[in-house]
Amino acid sequence: MSNAPRRAGPSSGFDFAPFVRSDDVVAWLPGTGEPFGLTQRLVAQRHALPPLELFFGISASKTLKPEYTDRFKFRALNGAGTNRTLTAAAMFSMVAPAYAQKYGVPMEQLKRTLARIASKNHANGARNPRAQFRREMSVDQICAMPSVAGDLSVFDCAGVADGAAAAIVVRAEDAHRYTDKPIYVKALSFVAGNGSGLTDPEYDYTTFPEIVECARDAYQQAGVTDPRAQLAMAEVHDCFTPTELVLMEDLGFSERGMGWKDVLDGTFDLDGELPVNPDGGLKSFGHPIGASGLRMLFECWTQLRGEAGARQISSVAAGKTKALTHNLGGYPGEMVSFVSILGR
């Protein structure tokens, strides 16, 4: 069996061509939501997109009664032998020491770099009235938090939130019937790995191959050749701070082994060269799992239209017109990945 991840894109068996090339589809996002349902729906109706579609995502397991939430949960049978014995925090905690060892970064220095990522996202979230955690946190405060798994502290981990999201998608030719400032879908890419990383002795936890392939496919669709220079912003799946660090390299924003330096240099700050998670990310905005993806699209919609208020990025006014969203599911070595690129 080939170890290459499978992708859904214009060069795969899943033909996204009617949707993802140039201005074939427009996204109008007055709410927020989850992109995997969007992708699946577009694939299913790729030859007959209706004049208007509403996509909706929700996570409310923290407040709804169990008799409601249990309807939407998949529960493995006890004793089936398939339950995972490591938590998500434990799985992703292995990324940090692997990165430090491979690139010769002292572990204490890397811990402060990871805290810098969390601090950046909290600074952004403090400016977002929709965020779950609207409080700035310094690097020292984050480093002083108790450990959760390995070298990860409490504030290296995204919180789980309740939330809902919605997106209206229409045909490009109908866009101006609904808004004067439409945002167009330039690329959609979905890649599913085969889980071989966990059994591959060459896998070193410093990259997520599914994301590398997913980004490459999306960039090809959207005509992006230098993402750091061409994108106005990015919203990424920062479930843990080491995840965001590795994503900076897997998405092509930083050279291999240089992402930690770019973080410290402020490259991905709100006023940096390429703002990442200007709405606060999963870390500060919160992670309503069923709604997080469309929440990211909503931030791109807001920023590209110049309507983000106190957290408005300057790259849009400087003429950059494309934004990226990224989501993942799974763990290092066994993931699925989604990348979209939106633009004016």
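Structure: see above.
Residues numbered from 1 in each chain as written. Predicted model: local features only at pLDDT ≥ 70, side-chain atom pairs only at ≥ 80, totals over all residues. Heavy atoms only, no water.

1. What to know about the pattern of salt bridges
Side chains carrying opposite charge are able to pair once their charged atoms draw close together. Summed over all chains, the structure comprises 19 salt bridges. For Lys-111, the salt bridge is made with Glu-108, and the minimal N-O distance between the two is 3.9 Å. On the criterion of helical spacing, the pair formed by Lys-111 and Glu-108 is a turn pair, its members being three residues apart in helix H6 (residues 107–125). We note a salt bridge from Asp-174 to Arg-177, for which the minimum N-O separation is 3.9 Å. What makes Arg-177 exposed here is its relative accessible area of 62%. Each of Arg-171, Glu-173, Asp-174 and Arg-177 takes part in one network of salt bridges that share partners. (Salt bridge = Lys/Arg side-chain N within 4 Å of Asp/Glu carboxyl O. Helix = DSSP H or I, 4+ residues; strand = E, 2+ residues; numbered from the N terminus. Buried < 20%, exposed > 50% of the residue type's maximum accessible area, 1.4 Å probe, protein only.)

2. Section: the packing of aromatic side chains
Across all of its chains, the model carries six aromatic pairs by this definition. Here the aromatic rings of Phe-92 and Tyr-331 are separated by 6.3 Å at their centres, their planes lie at 45 degrees, and the arrangement is tilted. Note that Phe-92 is positioned in helix H4 (residues 88–93) and Tyr-331 in strand S9 (residues 322–331), a separation of 239 residues in sequence. Judged by centre distance (5.8 Å) and plane angle (25 degrees), the rings of Phe-298 and Trp-301 are stacked. Of this pair, Phe-298 and Trp-301 are both found in helix H13 (residues 292–304), three residues apart, which corresponds to roughly one turn of the helix. (Phe/Tyr/Trp six-rings, centres within 6.5 Å; stacked < 30°, edge-to-face > 60°.)

3. Re the side chain of Lys-283
Along the chain, Lys-283 falls in helix H12 (residues 281–285). In this structure, Lys-283 is buried with no salt-bridge partner, the nearest side chain bearing the opposite charge being Asp-238 at 7.4 Å. Side chain to side chain, Lys-283 and His-122 meet in a polar contact 2.9 Å long. Non-local contacts of Lys-283, meaning those with residues more than four positions away in its chain, are made with Ala-118, Asn-121, His-122, Phe-133, Phe-155, Asp-156, Cys-157, Ala-158 and Asp-238. (Lys, Arg positive; Asp, Glu negative; His and termini not counted. Polar contact = N/O pair within 3.5 Å; in protein donor to acceptor, adjacent residues only side chain to side chain. Contact = heavy atoms within 4.5 Å.)

4. A short note on the environment of Asp-226
In this fold, Asp-226 is placed in the loop between helix H8 (209–222) and helix H9 (227–230). You can call Asp-226 partly exposed: its relative accessible area is 39%. Residues Asp-226 and Phe-253 lie 27 residues apart in sequence; the distance between their C-alpha atoms is 8.4 Å.

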